[in-house]
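As a plain string of letters, each chain reads:
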There are 2 protein chains.
Amino acid sequence: MSLASDQARPGAAEKPTLYKRIRLDIETRILTGEWPPGHRIPFEHQLMARYRCSRMTVNKALSELARADLIERRRRAGSFVRRPQHLSAVLKISDIRAEITALGRSYGYQLIDCRRRTATAADRARLGMSTAGKVIAIACRHSADNVPFAVEDRLIDLSTVPEAATADFAREPPGSWLLHHVPWTEAEHTISAVVADDRTAKALDIAVGAPCLVIDRYTWRSARTVTAVRLHYPGETHRLVARFKGG
Amino acid sequence: MSLASDQARPGAAEKPTLYKRIRLDIETRILTGEWPPGHRIPFEHQLMARYRCSRMTVNKALSELARADLIERRRRAGSFVRRPQHLSAVLKISDIRAEITALGRSYGYQLIDCRRRTATAADRARLGMSTAGKVIAIACRHSADNVPFAVEDRLIDLSTVPEAATADFAREPPGSWLLHHVPWTEAEHTISAVVADDRTAKALDIAVGAPCLVIDRYTWRSARTVTAVRLHYPGETHRLVARFKGG
DNA sequence: CACGATTATATGTCTAGACATATAAGTCAA
DNA sequence: TTGACTTATATGTCTAGACATATAATCGTG
């Protein structure tokens, strides 16, 4: 949840509602260090008096701050500024097509290979399938302004996503198709670095031995694996950026 | 904000409060796909009737779902399930010492170089300093079970953090010191991949040309840069893992 | 002094109302 | 048909109460 981002336009200067003002006041005091970690925030009834409002209004402001982990609330004891959180960033790993077009570059897509098959032992291991079943294996490439941007190596579990059998992955990238057709409940990313092997180097048009950023993503839908994908990015030109706020 | 994580222990089976039950009910329907993106959620007064409670209770549940971007609320129109978000992960990039000890490995730290100097042009560019000033430049290494884990190359702006002048970075890693002494309000991470140069290879005890994961982190405190740090991890052994839930 | 029982209190949740406000939908005139 | 005006309605915020509950602080006892 991103706090302090309710105001759409800074110039508007419209009066925020009272509970938002209370929340922002407290948030500001915490972020500037005026109220350091451990500091006890005024009790609800004190804030009621200060802002001349009912307890529910104060409570709403404090509840949201607590939900954002900026403060900790303890019955009978009061509300306290939390210690600075573990650095944690909201790393936005968007759909690649969206990412490229958002950069104002032209998106290109080439399907390298797409085959439907009964899951091999390796496929089953990768997808965590307990039983036999069909999968789709896809290799494809994304490019921005006709420059290779990433190569993708994906497996889709058809027993979880039978609709994928009818999708045309020559036209639409599998990531985009899945994003729009399959609700997902959980995912895991693993980011690592490797040097390009022969096949990857050729697909990305870089030298063998050049660094690559690798993202492995597994996506589940209520305990069933939807898809496993590995993306190679040319490491010297691509960057993952995570911007965030913290306490 | 992570939803659906209020229950501490599944075995406890204590009755959740009503608004949490409402929130969970709706969240479940969305995540299972029973209510697909675009679906209109029952109006507040309908939910009032279904759960036999007041509007404020329903409103609290829906407000939290809206704040978590699972639903979108529009006056007069109702509340709607939002399209699956762009994948976005909470990437926890902890303090390295905490990270290593959390893995149950022994943490080691070696200060390679630490010097205080008037900011050079390069320093000023890296920290975004507009005026002259003093900085601390630190090079150090973190290890886990006596195996090199990461090398760190850091710059601290002393005009933003004068207290850092008195810290003993031979004893305490600068990341840990800063985390505990300086409140920060914003940061930016950039993740990329490179191949190890001579100096990095030596420090990490890997081969020149081996892949490295690089994390650049800039930390600000209300528009003033606190510190800029670059971390090199051996790319084939280190992994950044981001696990998350989505809609 | 140590430890258990009691009490006071701040938060957690909830109610049954209220008015404000944005806007979808309907109405009517050009 | 189109545009401007009106209206109905769902959400947004707020109030002044209520009881529940966890727990810090106090008190009493051995």
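As shown above, the structure is provided for reference.
Please read all numbers here as calculations on a predicted model, not as lab measurements.

K.L.:
I'd love a proper account of the overall build of chain A, names of residues and values included.
P.N.:
Of the regular secondary structure elements, chain A holds seven helices and 11 strands. Every one of the 247 residues in chain A was classed for burial, and the buried ones make up 47%. Taking contacts inside chain A between residues at least 6 apart in sequence as the whole, the part at least 24 apart equals 57%. As presented, chain A carries roughly 12600 Å² of accessible surface, and 49% of it is formed by carbon and sulfur atoms.

K.L.:
Before we move on, could you go through helix H2 (residues 44–51) of chain A and cite the residues and values that matter?
P.N.:
Residue and element names in this part refer to chain A. Every buried residue belonging to H2 is among Glu-44, Leu-47 and Tyr-51, and all of these are buried. Down the axis of H2, the buried set is contained in an arc of 60 degrees. They therefore lie on one face. Residues of H2 that are exposed and point over 90 degrees away from its buried face: His-45 and Ala-49. The inward-facing, buried residues of H2 abut helix H1 (18–31), strand S1 (40–41), helix H3 (55–67) and strand S2 (71–74). Among the residues trailing H2, Arg-52 stands out with phi positive, at a value near 50 degrees.

K.L.:
Break down unusual backbone geometry for me, with residues and values.
P.N.:
For Asn146(A), which is not glycine, the phi torsion reads 65 degrees and is therefore positive. Within the element layout of this structure, Asn146(A) appears in the loop between strand S6 (134–144) and strand S7 (147–157). Assessed through its relative accessible area of 72%, Asn146(A) is described here as exposed. For Asp205(B), which is not glycine, the phi dihedral falls at a positive 60 degrees. Secondary-structure assignment places Asp205(B) in the loop between helix H7 (198–204) and strand S9 (211–221). Take Asp205(B): its relative accessible area is 64%, and that puts it in the exposed class.

K.L.:
Account for the protein's contact with DNA strand D, naming residues and giving values.
P.N.:
Every one of the 26 residues lining DNA strand D counts as a neighbour, but Leu18(A), Thr57(A), Arg55(B), Met56(B) and Arg73(B) are closest to it. Sugar and phosphate atoms represent 66% of those atoms of DNA strand D found within 4 Å of the protein. At 3.4 Å from a base nitrogen of DNA strand D is found a side-chain nitrogen or oxygen belonging to Arg55(A). Contact distances for DNA strand D include 3.0 Å between a phosphate oxygen and a backbone N or O atom of Glu44(B). Of all the secondary-structure elements, those providing two or more residues to the surface near DNA strand D are H1 and H3 of chain A together with helix H2 (44–51), helix H3 (55–67), strand S2 (71–74) and strand S3 (78–81) of chain B. If one sorts the elements of the surface near DNA strand D by residue count, H3(A) sits on top with four residues. Looking at the surface near DNA strand D, its residues break down into seven nonpolar, seven polar and 12 charged.

K.L.:
Hey, could you go over the pattern of salt bridges for me, with residue numbers and the actual values?
P.N.:
All names here are of chain A. Counting across every chain of the model gives 30 salt bridges over all chains. Of the charged contacts in the structure, one is a salt bridge between Arg-23 and Glu-64, with a shortest N-O distance of 2.4 Å. Taken together, the residues Arg-23 in helix H1 and Glu-64 in helix H3 connect sequence positions 41 residues apart. This pair shows no difference in class: Arg-23 is buried, exactly as Glu-64 is.

K.L.:
Could you give an account of the protein's contact with DNA strand C, naming the residues involved and the relevant values?
P.N.:
Arg55(A), Met56(A), Arg73(A), Leu18(B) and Thr57(B) are the nearest of the 26 residues found near DNA strand C. Each atom of DNA strand C within 4 Å of the protein was assigned to sugar, phosphate or base; sugar and phosphate come to 67%. One nitrogen or oxygen atom from the side chain of Arg55(B) is found 3.3 Å from a base nitrogen belonging to DNA strand C. Counting residues per element, the ones that place at least two in the surface near DNA strand C are H2, H3, S2 and strand S3 (78–81) of chain A together with helix H1 (18–31) and H3 of chain B.

K.L.:
Pulling in residues and values, what's your account of the sheet that holds S2(B)?
P.N.:
All names here are of chain B. Pairing is antiparallel across the open sheet formed by three strands, whose spatial order is S1-S3-S2. This sheet does not close on itself; its edge strands, each paired only once, are strand S1 (40–41) and S2. Sheet topology places S2 next to S3; four bridges connect them, and they run antiparallel. Within the sheet, the bridge partner assigned to Arg-73 lies in S3 and is Ser-79. Packing of H3 onto the sheet brings it into contact with S1, S2 and S3, and relative to S2 it is tilted by some 115 degrees.

K.L.:
Give me the lowdown on the nonpolar core, citing residues and values where you can.
P.N.:
With 30 residues, the main nonpolar core has Ile191(A), Leu213(A), Tyr233(A), Ile191(B), Leu213(B) and Tyr233(B) as its most contacted residues. Residues within four places of Ile191(A) in sequence aside, it is in contact with Leu91(A), Leu213(A), Val214(A), Ile215(A), Leu240(A), Ile191(B), Leu213(B), His238(B), Arg239(B) and Leu240(B).

K.L.:
Please provide a residue-by-residue account of the packing of aromatic side chains, values included.
P.N.:
Here the structure, examined in full by the defined rule, presents six aromatic pairs over all chains. Geometrically, the ring pair formed by Phe169(A) and Trp177(A) is edge-to-face, given 5.9 Å between the ring centres and 85 degrees between the ring planes. This pair shows no difference in class: Phe169(A) is buried, exactly as Trp177(A) is. Taking the ring centre of Tyr19(B) as reference, the NZ or CZ of Lys60(B) above it sits at 4.8 Å.

K.L.:
Account for the packing of H2(B) against H3(B), naming residues and giving values.
P.N.:
All names here are of chain B. The N-to-C vectors of H2 and H3 enclose an angle of 115 degrees; their axes lie 9 Å apart at closest approach. With respect to each other, H2 and H3 are oriented roughly perpendicular. In this structure, H2 crosses over H3, and the sense of that crossing is right-handed. Of the residues in H3, those in contact with Glu-44, Leu-47 and Met-48 of H2 are Arg-55, Val-58, Asn-59 and Leu-62. A class-by-class count of the residues in the contact of H2 with H3 yields four nonpolar, one polar and two charged.

K.L.:
Explain the sheet that holds S3(A) to me, and be specific about the residues and the numbers.
P.N.:
Residue and element names in this part refer to chain A. Read from one edge of the open sheet, three strands run S1-S3-S2, paired in antiparallel fashion. Each edge of the open sheet is held by one strand with a lone partner, namely S1 and S2. Pairing of S1 with S3 involves two bridges; the strand directions are antiparallel. Along S3, the bridge assignment pairs Arg-40 with Phe-80. Packing of H3 onto the sheet brings it into contact with S1, S2 and S3, and relative to S2 it is tilted by some 115 degrees.

What counts, and where the lines are drawn
- Residues numbered from 1 in each chain as written.
- Chains lettered and ligands numbered in written order.
- Predicted model: local features only at pLDDT ≥ 70, side-chain atom pairs only at ≥ 80, totals over all residues.
- Heavy atoms only, no water.
- Helix = DSSP H or I, 4+ residues; strand = E, 2+ residues; numbered from the N terminus.
- Buried < 20%, exposed > 50% of the residue type's maximum accessible area, 1.4 Å probe, protein only.
- Contact = heavy atoms within 4.5 Å.
- Areas by Shrake-Rupley, 256 points an atom, 1.4 Å probe, with all protein chains shown as cover.
- Arc of directions from axis to C-beta.
- Near = heavy atom within 4 Å.
- Polar contact = N/O pair within 3.5 Å; in protein donor to acceptor, adjacent residues only side chain to side chain.
- Nonpolar A, V, L, I, M, F, W, Y, C, P; charged D, E, K, R; others polar.
- Salt bridge = Lys/Arg side-chain N within 4 Å of Asp/Glu carboxyl O.
- Pairing = 2+ DSSP bridges.
- Axes fitted to C-alpha atoms, helices over the stretch in contact; angles between N-to-C directions.
- Core = buried A, V, L, I, M, F, W, Y, C linked by side-chain atoms within 4.5 Å.
- Phe/Tyr/Trp six-rings, centres within 6.5 Å; stacked < 30°, edge-to-face > 60°.
- Lys NZ or Arg CZ within 6 Å of the ring centre and 35° of its normal.
- Parallel < 35°, antiparallel > 145°, perpendicular 65-115°, else oblique.
- Left-handed = near helix turned anticlockwise from the far one by under 90°.

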